[in-house]
Amino acid sequence: MQKSLSYRNSYHDNLHRYAGLKRFFERWSADPDFKQDLINNTTETLEKHAIPVTPDDIKYMIDERITELPQPVQTMWEISKSKQDLIQSFYLSENLPSHRGMLAWRNRQIARQRFDLGPFFTDTNIHSSMTVELTQGCSVGCWFCALSPDSFKENYNYDDNREEWLGLLDTMHSFLGDAMKSTFLYWATEPFDNPDYEKFCLDVYESCGVFPPTTTAVAHKDTERIRRFIRLSAEHGCWLNRFSLTSLGIMSKVHKAFSAEELAEVECLALNMNTSFAYGNAGNFRKKALERPEILSQQDNKLRKAPWHRSNPDYAGSEEYANGSICCVTGFLINAVSRKVQLISPTTASDEWPLGYIIFAEATYENAAGLEMILQSWSTEYFKEKLQDNDILRFHPWLGVSVSPDRIEIKGRFNQKEIIEEPANPSLYHLIKQITEAPARLADIRQYAAAHLSIPPQVSDSLINELYKKGFFYGC
């Protein structure tokens with residue numbers, strides 16, 4: 001089957017061309033002592049960490065007299081930009097749900113996330129339409145895991161369940177259409193806990209033409225299996241694999257076991273405590289941070305040094321922690337072992353949604369036919385393009401809705417604003433004012449608008465549905 005990602009050649013060719021430099025920056029972002037080691041003995045330090053660059057290649061990183069942005073740094077920035085272009089094209093433009101109602105629901109959730117989680121999170125998120133867990137629980141047990149999995153209990157065996165599994169793929173592909181291409185096969189699980197993981201990936205590829213991306217935290221354990229998997233995924237055009245490296249020791253093991261060229265298409269994500277990467281404030285980490293607030297402050301300081309945070313006045317002027325979720329699915333979360341399906345979307349973790357995603361609905365299925373019935377039921381209740389008469393209109397509690405005599409301001413967590421001026425749009429102004437005073441059904445708001453505000457029903461419905469599309473209403 002033909003490789004399906006239009007950005008693959010340029011993006012991945014550059015990753016291979018600059019594989020050594022990529023490895024250098026992986027260590028640089030993870031190890032606070034690395035710079036001093038380079039200053040003390042550059043050649044020895046590079047050899048120790050299996051980084052195939054010359055001292056001249058990276059001298060700008062340790063020589064403070066060099067003030068101009070060097071070409072290698074610019075190159076890595078361009079590679080990062082091409083990755084974001086791939087995400088924007090593949091996930092946000094090309095491969096969208098074919099079901100009109102689900103597409104409208106998805107667009108509402110993404111609009112809400114701009115006010116909830118901020119523009120950086122929203123624009124860099126893949127907003128996948130489906131993920132499937134192939135185990136019950138996880139064997140790794142990261143203390144900071146934002147998804148708080150239980151310990152490993154059971155695998156979804158391929159040979160025993162192949163017919164059911166293929167039925168699941170057919171059912172979801174029929175419903176999602178091209179959005180099926182955004183599928184991946186893990187969540188609060190370690191994919192390589194399942195000995196049949198590669199077979200499941202190949203079936204997704206056969207179903208929709210895309211080999212699913214993979215994130216693993218055990219790349220340092222069975223390195224031969226991982227090496228074979230890297231080759232398999234590359235042969236099938238996979239656009240990204242990631243290694244979660246939870247300590248500097250594990251990073252060293254991985255960099256020693258695999259050459260920079262072998263890992264050119266693998267994103268090595270440093271997750272040790274002192275890395276420049278900041279943890280998502282959800283799940284296990286959120287529990288720890290509630291007990292020890294200084295942990296969250298330390299992570300917040302990292303975020304505030306990031307260029308996207310520091311240069312954006314909306315972020316810089318907010319006291320909110322800008323990584324309140326690691327959820328990257330606006331769609332279906334399925335556990336194949338328990339046969340549970342959930343409809344989810346990212347949100348800032350809270351007491352209500354401690355894992356950083358909203359669960360709109362949840363059900364269990366017995367087979368593909370049962371799964372199809374669930375999809376039909378949710379289509380009626382959630383995948384709708386307009387509000388229904390009995391829908392309750394109330395703003396999300398985290399939105400700041402300020403009403404003054406001549407304007408209303410709707411403010412998100414990171415200072416995103418929607419401003420309604422009463423002289424310019426009196427009908428919308430008075431409708432919002434009424435909703436803030438007392439949440440009510442759409443039918444009741446419509447009746448009130450006609451009787452007390454002289455707003456025709458079709459006008460009030462249209463104006464309220466514009467707010468609905470922007471994701472402002474709780475539970476929608």
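Residues numbered from 1 in each chain as written. Predicted model: local features only at pLDDT ≥ 70, side-chain atom pairs only at ≥ 80, totals over all residues. Heavy atoms only, no water.

**Overview of the domain arrangement of the protein**
Threshold: Here the limits of each domain have been adopted from an automatic or database domain assignment. Residues count as neighbours in contact if any of their non-hydrogen atoms are within 4.5 Å of one another. Here's the idea: put two parts together, see how much 1.4 Å probe accessible area each one loses, and the total over both is what we call buried area.
Domain boundaries in the protein define domain 1 (100-217 + 271-381) and domain 2 (392-474). Here the C-alpha centre of domain 2 lies 31 Å away from the C-alpha centre of domain 1. On the side of domain 2, 18 residues touch domain 1, which itself brings 20 residues to the contact. At the boundary of domain 1 with domain 2, total buried surface from both sides reaches about 1500 Å², with 58% on carbon and sulfur atoms. Its largest share of buried area at the contact with domain 2, domain 1 owes to Arg108, Phe115 and Asp314, together 45% of the area lost on that side.

**Points about the pairing of strand β7 (residues 329-335)**
Two faces belong to every sheet, and in a regular strand the side chains alternate between them. Heads up, the rule is: Only protein chains enter the accessibility calculation, which uses a 1.4 Å probe. A residue is then buried if its area is under 20% of the maximum for its type, exposed if over 50%, and partly exposed in between. The way it works is that DSSP assigns letters per residue, a run of H or I at least four long becomes a helix, a run of E at least two long becomes a strand, and they are numbered from the N terminus. For two strands to be treated as a pair, DSSP must find no fewer than two bridges joining them.
Burial runs high along β7: 7 of the 7 residues are buried. Pairing geometry for strand β1 (residues 128-133) and β7, over 5 bridges, is parallel. Note on β7: the bridge partner recorded for Ser128 is Val329. Counted between consecutive antiparallel strands, the loop separating β7 from strand β8 (residues 340-346) contains 4 residues, among which Arg339 sits at a positive phi close to 60 degrees.

**Let's talk about the nonpolar core**
Here is the rule: Among buried residues, the Ala, Val, Leu, Ile, Met, Phe, Trp, Tyr and Cys ones that are joined through side-chain atoms within 4.5 Å form a nonpolar core.
Of all hydrophobic cores here, the largest spans 100 residues; its most connected members are Trp165, Met172, Trp187, Phe243 and Phe332. The biggest single contributor to this core is helix α9 (residues 158-176), with 7 residues. When neighbours within four sequence positions are excluded, Trp165 is seen to be in contact with Val132, Leu134, Tyr156, Tyr158, Leu185, Phe200, Asp203 and Val204. Judged by nonpolar contacts, the second largest core, of 26 residues, contains Ile420, Leu431, Ile435 and Ile455.

**Thoughts on the environment of Pro32**
Assignment of secondary structure puts Pro32 in the loop between α2 (19-30) and α3 (34-40). Under the relative-accessibility criterion, Pro32 is labelled exposed at 51%. Sequence-wise, Pro32 and Asn274 are 242 residues apart; in three dimensions their C-alpha atoms are separated by 6.9 Å.

**Side note on the environment of Ile39**
As for its position among the elements, Ile39 is in helix α3. Residue Ile39 is classed as partly exposed on the basis of its relative accessible area of 42%. For the pair Ile39 and Ile62, spaced 23 residues apart in the sequence, the C-alpha separation amounts to 6.4 Å.

**Thoughts on helix α13 (residues 283-291)**
Note the following rule: The arc under discussion is defined with respect to the helix axis, by the directions toward the C-beta atoms.
Listed in full, the buried residues belonging to α13 are Gly283, Phe285, Arg286 and Ala289. An end-on view of α13 places all buried positions within 140 degrees of arc, on one side of the element. For α13, the exposed residues lying more than 90 degrees away from the buried face are Lys287 and Glu291. On its buried face, α13 sits against α14 (293-305).

**Things to note about the side chain of Thr183**
Spelled out, the test is: Residues adjacent in sequence count toward polar contacts only when both atoms are side-chain atoms; beyond that, a polar contact is any pair of N or O atoms within 3.5 Å, and within protein one must be able to donate a hydrogen and the other to accept it.
Within the secondary structure, Thr183 sits in the loop between α9 and α10 (197-208). For Thr183, a relative accessible area of 1% corresponds to the buried category. Within polar-contact distance, the side chain of Thr183 engages the backbone oxygen of Met180 at 2.7 Å. Beyond its immediate stretch of four places on either side in the chain, Thr183 contacts Ser128, Met130, Val204, Pro212 and Pro213.

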